Amino acid sequence: MSFSFTSIPQYHQQLQSGATTCAAAVEYFLLQIKANMHLNALVAVFEQEARKQAEMLDASLAAGNALLPLHGVVIAVKDVICIKDQPVSAASNMLKGFRSLYTATAVQRLLDAGAIIIGTCNCDEFAMGSSNENSAYGPALNADDTTKVPGGSSGGSAVAVQAGLCMLSLGSDTGGSVRQPADFCGVVGLKPGYGRISRSGLIAYGSSFDCIGAFGKNVSDVALVFETMAGHDPFDATSGTQPVQHFSTKANDDTKYRFAYFESTLTLPGLDPEIRSAFEALMEKLRSDGHTVEAVPFDLLDFIVPTYYVLTTAEATSNLSRYDGVRYGHRSAIETADLTEFYKHNRSEGFGAEVKRRIMLGNFVLSSGFYDAYFTKAQQVRQLLCSQTATVFSSYNALLMPVSPTTAFTAGSHSTDPIAMYLADIYTVFANLTGIPGMAIPLFQHTNGMPFGLQVMTNQWDELTLHRICYYLESRFAKDAV
Ligand code: GLN
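The present account deals with the structure reproduced in this document. Keep in mind the model is a prediction, meaning the values are calculated, not measured.

Thresholds, definitions, all that
- Residues numbered from 1 in each chain as written.
- Predicted model: local features only at pLDDT ≥ 70, side-chain atom pairs only at ≥ 80, totals over all residues.
- Heavy atoms only, no water.
- Disulfide = S-S within 2.5 Å.
- Buried < 20%, exposed > 50% of the residue type's maximum accessible area, 1.4 Å probe, protein only.
- Helix = DSSP H or I, 4+ residues; strand = E, 2+ residues; numbered from the N terminus.
- Contact = heavy atoms within 4.5 Å.
- Near = heavy atom within 4 Å.
- Polar contact = N/O pair within 3.5 Å; in protein donor to acceptor, adjacent residues only side chain to side chain.
- Areas by Shrake-Rupley, 256 points an atom, 1.4 Å probe, with all protein chains shown as cover.
- Nonpolar A, V, L, I, M, F, W, Y, C, P; charged D, E, K, R; others polar.
- Axes fitted to C-alpha atoms, helices over the stretch in contact; angles between N-to-C directions.
- Parallel < 35°, antiparallel > 145°, perpendicular 65-115°, else oblique.
- Left-handed = near helix turned anticlockwise from the far one by under 90°.
- Lys, Arg positive; Asp, Glu negative; His and termini not counted.
- Salt bridge = Lys/Arg side-chain N within 4 Å of Asp/Glu carboxyl O.
- Core = buried A, V, L, I, M, F, W, Y, C linked by side-chain atoms within 4.5 Å.
- Pairing = 2+ DSSP bridges.
- Phe/Tyr/Trp six-rings, centres within 6.5 Å; stacked < 30°, edge-to-face > 60°.
- Lys NZ or Arg CZ within 6 Å of the ring centre and 35° of its normal.
- Expected span 1.5 Å × (residues − 1).
- Arc of directions from axis to C-beta.

Time to look at the state of the cysteines. Within this structure, the stated rule accounts for zero disulfides. Between Cys123, a cysteine without a disulfide, and Cys121, which holds the nearest cysteine sulfur, the sulfur-to-sulfur distance is 8.5 Å. What makes Cys123 buried here is its relative accessible area of 0%.

In structure tokens form, the structure reads like this:
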């Protein structure tokens, strides 16, 4: 039985007409995974479980039951999200061999809606990185050009969709880890607003920033997966109680939107001129379609990356203290009678260099002599950003920004310079600092051959407008863009 995938509705039509089966879909993706092992996108494949689930779903359809919303949709999940009895390691030697004791709420909702989880995806260790090079499994490679990084930290999840190893995938986005790899790999990447999707079962990095997000080939598939996962969860007190709308229902309206952008994001010295000109050309097209596109003042651009790294390292330091080799994690073979030495050995051996750097930085910014100068100051900047954001959305529907200042960079080119790597997050950390939703949609192709996208952000809890705008941009510009 032949199989090809373009969208969930197209797949469901084929299931209903009998042109394909869930089993055929699973076999197809298992073959694709085997043929693309060199990309190092997946770190575990759930072959038996996926086959069994496909069989059950096919039998249910054959018995005359209705299609479930995500019937047979094959999804890969970043290695920071728990699935009961399956390995989860956050791409760290610290958690190698660990199996989840429970299933993340987001994944459980997907399973309840008929999804098939095919495996787990490579990422940067504990989701810290922008290139997927900080992984205990080795780097994942960009399928468009294997000398380039796929972005990070959810690099494997982006590549899994880019290379057609699954239909959709899940990532996590603390500072851009869904949107930036989506940008580098030419796929759609959604970071929902903070609190939209339960964090229960997501390995914590920066708890006031972390969001589960999704990758897909098109906006509508991502919306369907998103609305399935969204909504309050008693296991996560920070998950919102706002009603979940049908983000995947396309609106056939010709709304004229009011778009804002920050001038300073386009005059950034490190911004690739081609990305800038594609962005400006798109703004012109939006204007000629009758939308309003205006520059709004924003003088905090220089502060957002430092603020993000002060606050997230502080939170990471606290979250990662649980990996001590007693409650969780790697236990060193070195014998010692001293408890502090014991912890030191376990943590020194278990964590990689970038994670250690951030634990040290986090401890520094929280230490008594420096707390006010760094942590308190960064909280104040975050507050300022939130109030400026509220002002923007009081007169505009959406904020437009590039996703990254460059297209996918060459593997190894940033790995000895952590500051250069951190600065690559300049356009993505804004949404995490302010808690608003953002989506990266692939609209452009650089003359260097790599794809890149546009980032759209809307007000908190306004994913409906986000999706409507992104459907419009996708259908209007995805084909004929610069
Ligand atoms: N690149 C950012 C970091 O290293 C974002 C990571 C993320 O969103 N998980 O922190």
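A large share of helix 5 (residues 155-162) lies buried, amounting to eight of its eight residues. Buried within helix 5 are the following residues: Gly155, Gly156, Ser157, Ala158, Val159, Ala160, Val161 and Gln162. Buried residues belonging to helix 5 abut strand 1 (42-45), strand 2 (74-78), strand 3 (116-121), strand 4 (168-172), helix 6 (179-185) and strand 6 (212-216). Looking at the residues trailing helix 5, positive phi occurs at Gly164, about 70 degrees.

Around the ligand, 15 residues are found, and the nearest of them are Thr174, Gly175, Ser177, Tyr205 and Tyr308. Take Ser177: an N or O atom from its side chain is 2.7 Å from an oxygen atom of the ligand. The fraction of the free accessible surface of the ligand (290 Å²) that becomes covered by protein chains is 100%. Looking at the shell around the ligand residue by residue, the classes come out as five nonpolar, seven polar and three charged.

On to the packing of helix 7 (residues 219-229) against helix 16 (residues 463-477). One can describe the packing of helix 7 onto helix 16 by two numbers: an axis separation of 10 Å at closest approach and a directional angle of 160 degrees. When the axis of helix 7 is compared with that of helix 16, the two are roughly antiparallel. Like other packed secondary-structure pairs, helix 7 and helix 16 cross with a definite hand, here left-handed. Together, Val219, Ser220, Ala223 and Phe226 of helix 7 and Glu463, His467, Cys470, Tyr471 and Glu474 of helix 16 make up the contact between the two elements. For the contact of helix 7 with helix 16, a count of residues per class yields five nonpolar, two polar and two charged.

With respect to the secondary-structure elements, Asp425 resides in the loop between helix 14 (418-423) and helix 15 (429-434). Look at Asp425: it is buried, it has no salt bridge, and the nearest opposite charge is Arg358 at 5.7 Å. Setting aside chain neighbours within four positions, we find Asp425 in contact with Ser130, Gly175, Val305 and Tyr309.

A general tendency of soluble globular proteins is for nonpolar side chains to be buried together. Counting residues in each nonpolar core, the largest one holds 151 residues, and the members touching the most others are Ile75, Phe126, Met167, Leu170 and Phe430. Of all the elements, helix 10 (residues 301-319) adds the most residues to this core, at nine residues. Ignoring any residue separated from it by four or fewer positions in sequence, one finds Ile75 in contact with Leu110, Ala115, Ile116, Ile117, Ile118, Gly119, Leu168, Ser169, Leu170 and Val225. Residues Phe184, Ala408, Met421 and Met450 belong to the second largest nonpolar core, which totals six residues.

Here we take up unusual backbone geometry. Here the bond from Gly152 into Ser153 is cis, since omega is 5 degrees, no more than 30 degrees from zero. Even without a glycine there, the phi angle at Asp85 is positive, about 70 degrees. Along the chain, the position of Asp85 falls in the loop between strand 2 and helix 4 (105-112). For Asp85, a relative accessible area of 49% puts it in the partly exposed group.

Read across the open sheet, the eleven strands follow the order 1-3-2-4-6-5-10-11-9-7-8; overall the sheet is mixed. Edge positions in the sheet fall to strand 1 and strand 8 (292-296), since each has one partner strand and no second. Shown here is a sheet whose adjacent strand axes are inclined to one another by a mean of 30 degrees, direction ignored. Across the sheet, helix 3 (residues 47-62) touches strand 1 and strand 3, and the angle it forms with strand 3 is around 160 degrees.

Tallying each qualifying case throughout the model produces 27 aromatic pairs. Geometrically, the ring pair formed by Phe364 and Phe370 is tilted, given 4.5 Å between the ring centres and 35 degrees between the ring planes. What makes Phe370 partly exposed here is its relative accessible area of 36%. Here the aromatic cluster, defined as three or more aromatic residues joined through ring pairs, consists of Phe3, Phe5, Tyr11, Tyr28 and Phe29. The ring of Tyr137 has Lys96 lying over it, and the distance from NZ or CZ to the ring centre is 4.9 Å.

Within this structure, the stated rule accounts for 16 salt bridges. Note that Glu27 is salt-bridged to Arg51, the shortest N-O span being 2.6 Å. With Glu27 in helix 2 (residues 22-35) and Arg51 in helix 3, the pair connects residues that are 24 residues apart, well separated along the chain. Residue Glu27 is classed as partly exposed on the basis of its relative accessible area, which comes to 33%. A salt bridge links Glu280 to Arg276, with the nearest nitrogen and oxygen atoms 3.0 Å apart. Of this pair, Glu280 and Arg276 both sit in helix 9 (residues 273-288), four residues apart, roughly one helical turn. Residues participating in the shared-partner salt-bridge network are Glu27, Lys34, Glu47 and Arg51.

Attention now goes to helix 12 (residues 353-366). Turn by turn, an α-helix covers 3.6 residues, leaving residues three or four places apart pointing in a common direction. Over its 14 residues, helix 12 extends 20 Å from the first C-alpha to the last, a length consistent with the 20 Å expected when each residue adds 1.5 Å. Looking only at helix 12, the buried set comprises Glu354, Val355, Arg358, Ile359, Gly362 and Val365. Taken end-on, helix 12 shows its buried residues confined to a sector of 140 degrees, consistent with a single buried face. Those residues of helix 12 that are exposed and angled more than 90 degrees off the buried face are Ala353 and Met360.

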